[in-house]
Amino acid sequence: MHLISTEPATGAELWSGETGDAAAEVVAARAAFPAWAAQPVTYRAETLRRFANVVRAREAELADLIARETGKPLWEAKTEVAAVVGKVDISINAYMERTPQRRLEAALGQKIAVRHKPHGVLAVLGPYNFPAHLPNGHIVPALLAGNAVVFKPSEKTPATGALLVDLYREAGVPEGVVRLLVGGPDEGRALAGQEGIDGLLFTGSARAGQALHRQFADMPHKILALELGGNNPLVVWDAKDLPAAATIAVQSAFLSAGQRCTAARRLIIAQGSEGDALLDAITKVMDRIIVGGPHSDPQPFMGPVIDSQAADHLQSQFLDLMMKGGKVFRRLDRPQEERPFLTPALIDVTDVRERADEEMFGPVLQVIRVADFEAALAEANATRFGLAASLVGGSPALFDRFWSEVRAGVINWNKPTNGAPSNAPFGGVGLSGNHRPSAFYAADYCAYPVTSSEAEIARASIGEGLRDPVMLED
């Protein structure tokens, strides 16, 4: 089959290629794994440092491709390329800290050694919203640990995935050690089901993550790391600086056209004049947002969502909220019917009947008004997800309470819900992951510890439970 990638902003064909064979790619990676794993970690680290230099040298090319294939503004694509480069040194530091070699002394000259081994061949399934940075966040730690990788990029961003693999190979990563599998959901399922993989690292939707969890249920010998979505709450309470609070809310909800797993989906505010003043400040910022193509001048804050199917789904979800009683402050408009540009939307869903606990993966912020902070905490936790949460305003004591009672893997104060640092762990609870945090903790799922008891001379005795040898002679 033939896979075609088009530019969301223009509809122009960007890339095309044949879908791959999951079994063949796994066989190639399996054959290359032993030699790569046998190299010292210093060799693998230097190879990946060369990769960072290759990306630096081709920054403009990679940023342009990301921008065109995802529709995100060029300035944002450049920040993604910077994250790809920065991931190398961060991963090396993390590997040394999270998987150190340790030597311990025991009785009678015995030594205890703790070292780590790679799993073998790891499958990586990448998302479309950060088609270079997020799969790279799995691939670099996996390669550093000594694994071989079969990488299937999203069928919506195969061109970026293909270039990323070319950059690894240009840096000296052997061809068999990083394999590219082009394809859609069928190829992803086929890769996940290959006997020859030792684990799978996935970033994507909760629904796909649940399907993978079921598929791996009877394979506990294979590592499965799931980085999923969120229905993330942003609570604004006793905020002294309304313009700053409004800006944080807009950044949280609408950066990357809302296509971030950490984007704020629910804005929880106080009833009455305080909440009204905040919403007025937010709409003033929203009305200034430029929506446009990746190379528009001036540069937009938001590009389109990934494709018309995504835009149609978001419009359907928004209409459903309206039909169930949502009060619209700013509509989810579509300026060009044939293209997936959407304007940022704000809707009060406090009185919506049977509000769905789902991730609206786009530029929609839902407002929920509550009577007191206890109700705000209850609403923040009224979700099966648990990725990101943020409190804007309040005192240190109030944030301590928020941190203690809110269930999420990323909990911020006076900062947006998104923009998590790469030098810290990143992951969630509930439907947001399976307790395999990535970023700085990715080393934990890319290698496993091996404990060895060692002695230079074999000594052994059994003190109890044996017959006296003299009596046996009699």
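Small disclaimer: the values here were computed from a predicted structure and weren't measured. (Residues numbered from 1 in each chain as written. Predicted model: local features only at pLDDT ≥ 70, side-chain atom pairs only at ≥ 80, totals over all residues. Heavy atoms only, no water.)

Overview of the layout of surface pockets
Empty space left among the atoms is revealed by rolling a probe the size of a water molecule over them. The computed volume of the largest pocket comes to approximately 1,500 Å³. Lining the largest pocket are 40 residues, and of these G204, S205, A206, R207 and A208 lie nearest its centre. Counting only elements with at least two residues in the lining of the largest pocket, the list comes to α7 (185-192), β8 (199-203), α8 (206-215) and α11 (308-323). In terms of residues, the lining of the largest pocket owes the most to one element, α8, which gives 7 residues. Here the lining of the largest pocket is composed, by residue class, of 18 nonpolar, 14 polar and 8 charged. Computed from the structure, the second largest pocket encloses a volume of approximately 530 Å³. (1 Å grid on protein atoms, 1.4 Å probe; cavity = no way out; pocket = protein on both sides within 12 Å on 5 of 7 lines; lining within 4 Å. Points joined across faces, edges and corners; volume = space filled by probe spheres on them. Helix = DSSP H or I, 4+ residues; strand = E, 2+ residues; numbered from the N terminus. Nonpolar A, V, L, I, M, F, W, Y, C, P; charged D, E, K, R; others polar.)

Quick word on the packing of aromatic side chains
Tallied over the entire structure, the rule returns 6 aromatic pairs. With centroids separated by 4.4 Å and ring planes inclined at 25°, the aromatic side chains of F51 and Y168 adopt a geometry described as stacked. Of this pair, F51 sits in helix α2 (residues 41-57) while Y168 sits in helix α6 (residues 158-170), and the two are 117 residues apart along the sequence. Both residues of the pair, F51 and Y168, count as buried. Taking 5.3 Å as the distance between ring centres and 10° as the angle between the ring planes, the aromatic pair formed by F399 and W413 counts as stacked. Remark: W413 occurs in strand β16 (residues 410-413) and F399 occurs in helix α13 (residues 396-405); sequence separation between them is 14 residues. Here F399 falls in the buried class, since its relative accessible area comes to 14%. Pairwise contacts between aromatic rings join F399, F402 and W413 into one cluster. Over the face of the ring belonging to F130 we find K72, whose NZ or CZ atom lies 3.9 Å from the ring centre. The cationic tip of R98 hangs over the ring face of Y441; the distance from NZ or CZ to the ring centre is 3.6 Å. (Phe/Tyr/Trp six-rings, centres within 6.5 Å; stacked < 30°, edge-to-face > 60°. Buried < 20%, exposed > 50% of the residue type's maximum accessible area, 1.4 Å probe, protein only. Lys NZ or Arg CZ within 6 Å of the ring centre and 35° of its normal.)

Description of unusual backbone geometry
Going from D297 to P298, the amide bond is cis rather than trans, its omega being 5°. Of note in the backbone geometry, N414 takes a positive phi value of approximately 55° without being a glycine. Checked against the element boundaries, N414 lands in the loop between β16 and β17 (425-426). Judged by relative accessible area, N414 falls into the partly exposed class, the value being 35%. Even without being glycine, H435 reaches a positive phi, approximately 60°. As for its placement among the helices and strands, H435 is situated in the loop between β17 and β18 (438-439). Judged by its relative accessible area of 56%, H435 is exposed.

Here we look at the sheet that holds strand β4 (residues 111-118)
Pairing within the open sheet is antiparallel, and its 3 strands lie in the order β3-β4-β19. Edge positions in the sheet fall to β3 (102-105) and β19 (447-454), since each of these pairs with one other strand and no more. Across the sheet, the mean angle separating the axes of adjacent strands is 25° when strand polarity is ignored. Where β3 and β4 come together, 4 bridges link them in antiparallel fashion. Residue pairing across strands places R103 opposite A113, the latter belonging to β4. (Pairing = 2+ DSSP bridges. Axes fitted to C-alpha atoms, helices over the stretch in contact; angles between N-to-C directions.)

Brief notes about helix α5 (residues 133-145)
Since the α-helix turns once every 3.6 residues, residues separated by three or four places project in the same direction. Counted at 1.5 Å a residue, the expected span for α5 with its 13 residues is 18 Å, and the 18 Å between its end C-alpha atoms agrees. Of all the 13 residues making up α5, 13 are buried; the element is thus mostly covered by neighbouring parts of the structure. Just past α5, the residue G146 takes up positive phi, approximately 105°. (Expected span 1.5 Å × (residues − 1).)

Side note on the nonpolar core
V235, V236, W237, L267, I282, F373 and F402 are the most contacted members of the largest nonpolar core, which totals 59 residues. Here this core takes 7 residues from helix α9 (residues 242-254), the largest share from any one element. Other than its neighbours up to four places away in sequence, F402 contacts V235, F373, L377, A389, S390, L391, I411 and N412. Grouped together as the second largest cluster of nonpolar side chains are 51 residues, A52, V140, L144 and A159 included. (Core = buried A, V, L, I, M, F, W, Y, C linked by side-chain atoms within 4.5 Å. Contact = heavy atoms within 4.5 Å.)

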